[in-house]
Every structure is written in structure tokens, then in C-alpha cells.
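Listed below, chain by chain, are the residues.
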Amino acid sequence: MATARWNGEIIAESDETVIVEGNHYFPVESVSSEYLKPSETTTVCGWKGTANYYTLNVEGQENPDAVWYYAEPKAEAAEIKGRVAFWKGVEVTD
């Protein structure tokens, strides 16, 4: 079971993550959505497509753009559609 934690709280748990480039991509339904605040940030990956972000908000603390996802990934990255990944201090263990 993979777990994502930040600021003392479990953000996501799943035994169905997909690992791409060393990152666990969690099914979006495994994420505690109350911690997610939409961000306007986007970035582009040459083979995955355009990434969108969420800011984590836990116990009054914010972690800007710590969660990313590909709403419409390119065909080569289809396995990560409907999934999110974490960085910026979010601890992911399996």
C-alpha cells in the first residue's frame, strides 16, 4: 500500500498506484480531496503532455503546486489519466 503524507496527515493511500519516472501516481479517488486547492500552474512534459497542479492545504499550512496530474495525457502516458502524483516535501512510502 502506497501512502502520501504531508504536515502530519495522510493525503492519499492506494495499492493501485502506477509508477512513472520514479513517481507513484495515485488514483484520484484515493486522494483526500479536502486537502486539494486548484492551482493555475501548468507545465509541459514532452511525452506526457500538459500537467495541472493542486496546492495542498493541511492544518492551515499550504504547499503550493505539490500535487500534479495530467487531465489529458498523451497516448504514451495514458496509464496516468485519472491519477495524481506528489512532490515538494510530500512523503510517499510503499
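Before reading further, recall that the structure is shown in the block above.
In short, a report on the structure. Quantities reported herein were computed from a predicted structural model and do not represent experimental measurements.

1. Details of unusual backbone geometry
Thinking step 1. A positive phi angle, close to 55°, is found at N7, a residue other than glycine.
Thinking step 2. Along the polypeptide, N7 turns up in the loop between β1 (2–6) and β2 (9–14).
Thinking step 3. Phi at K88 is positive, roughly 55°, even though this residue is not glycine.
Thinking step 4. Within the element layout of this structure, K88 appears in the loop between β8 (83–86) and β9 (91–93).
Thinking step 5. Take K88: its relative accessible area is 40%, and that puts it in the partly exposed class.

2. Focus: the side chain of H24
Thinking step 1. Here H24 lies in strand β4 (residues 23–27).
Thinking step 2. A polar atom in the side chain of H24 sits 2.8 Å from the side chain of T17.
Thinking step 3. A distance of 3.3 Å separates a polar atom in the side chain of H24 from a polar atom in the side chain of D94.
Thinking step 4. In this structure H24 touches A2, T17, V18, I19, V84, A85, V92 and D94, once residues within four positions along its chain are discounted.

Rules used throughout
Residues numbered from 1 in each chain as written. Predicted model: local features only at pLDDT ≥ 70, side-chain atom pairs only at ≥ 80, totals over all residues. Heavy atoms only, no water. Helix = DSSP H or I, 4+ residues; strand = E, 2+ residues; numbered from the N terminus. Buried < 20%, exposed > 50% of the residue type's maximum accessible area, 1.4 Å probe, protein only. Polar contact = N/O pair within 3.5 Å; in protein donor to acceptor, adjacent residues only side chain to side chain. Contact = heavy atoms within 4.5 Å.

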